[in-house]
Amino acid sequence: MIHIAVHDMTCGHCASRISKAVRETDAAARCDIDLAAKRVRIASAEPAAALVAAISEAGFTPALEKEVA
Ligand SMILES: [Cu+2]
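Small disclaimer: the values here were computed from a predicted structure and weren't measured. Along each chain, residues carry numbers from 1 onward, in the same order as the chain's sequence is written. Restriction of local features to residues with pLDDT of at least 70 applies here, the model being predicted, together with a cutoff of 80 or more for giving and counting side-chain atom pairs; totals for whole chains, interfaces and linings are based on all residues.

Some details on the nonpolar core
Part 1: Throughout this description, the term nonpolar core refers to a group of buried Ala, Val, Leu, Ile, Met, Phe, Trp, Tyr and Cys residues whose C-beta atoms join them within 7 Å. Partly exposed residues are those whose C-beta has more than 12 but fewer than 20 other C-beta atoms within 10 Å; with 20 or more the residue is buried, with 12 or fewer it is exposed, and the C-beta atoms are placed from the backbone. Ranked by internal contacts, the top residues of the largest apolar core, which has 16 residues, are Ile4, Ile18, Leu51 and Ile55.
Part 2: Sorting the residues of this core by element identifies β1 (2-6), α1 (12-25), β2 (30-34), β3 (39-43) and α2 (48-57) as the ones contributing at least two each.
Part 3: Of the residues forming this core, the biggest block, four residues, is contributed by α2.
Part 4: Other than its neighbours up to four places away in sequence, Ile4 contacts Val40, Ile42, Leu51, Val52, Ile55, Pro62, Ala63, Leu64 and Glu65. Helix and strand assignments come from DSSP, with helices taken as H or I runs of at least 4 residues and strands as E runs of at least 2, each series counted from the N terminus. C-beta atoms are first placed from the backbone for all residues, and any pair lying within 7 Å is then listed as a contact.

Right under this line is the structure:
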């Protein structure tokens, strides 16, 4: 599980853009977004760096918090 903080995710529209970016990186990814905590948890076979890059390319400022197997 990859935990990413996205402090500039402020509304449901942001959340849907982020989940779309994650799915475009890994169509099989499971993505849980906690809008109130501004955190995204992703279960994916892709490296965390690729998911962070995808969220960044979608226009946000992601920060990798931790990666738990
Ligand atoms: Cu928004």
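Some words on the pairing of β2
Every other side chain in a regular strand lies on the same face of the sheet, so the side chains alternate between the two faces.
Part 1: Of the two faces of β2, only the one carrying Cys31 and Ile33 is buried; Arg30, Asp32 and Asp34 on the other face are not.
Part 2: For two strands to count as paired, DSSP must find a minimum of two bridges between them. Across five bridges, the pairing between β2 and β3 is antiparallel. Residue pairing in the sheet places Asp32 in a bridge with Arg41 of β3.
Part 3: Remark: four residues form the turn of the hairpin made by β2 and β3, two consecutive strands paired antiparallel; Lys38 in that turn has positive phi of roughly 55 degrees.

Some remarks on unusual backbone geometry
Negative phi values dominate among residues other than glycine, just as trans dominates among peptide bonds.
Part 1: A positive phi angle, close to 55 degrees, is found at Lys38, a residue other than glycine.
Part 2: Assignment of secondary structure puts Lys38 in the loop between β2 and β3.

A word on the pairing of β3
Part 1: On β3, burial follows the alternation: Val40 and Ile42 on one face are buried, whereas Arg39, Arg41 and Ala43 on the facing-out side are not.
Part 2: The pairing of β1 with β3 spans four bridges and is classified as antiparallel. By the bridge assignment, Ile4 is partnered in β3 with Val40.

Some points on the packing of α1 against α2
Part 1: Every axis corresponds to a line fitted to the C-alpha atoms, with the helix fit spanning only the stretch in contact, and the corresponding angles, defined between N-to-C directions, vary from 0 to 180 degrees. Contact geometry for α1 and α2: axes closest at 9 Å, N-to-C directions at 135 degrees. As summarised for this structure, α1 and α2 are arranged oblique, according to the angle between their axes. α1 and α2 meet at a crossing whose hand is right-handed. Along the contact surface, α1 presents Ile18, Ala21, Val22, Glu24 and Thr25, while α2 presents Ala50, Leu51, Ala54, Ile55 and Glu57. Convention used here: angles under 35 degrees read as roughly parallel, angles over 145 as roughly antiparallel, angles from 65 to 115 as roughly perpendicular, and any remaining angle as oblique. Whether a crossing is left-handed or right-handed is set by the direction in which the near helix is turned from the far one by less than a right angle, anticlockwise for left-handed and clockwise for right-handed.

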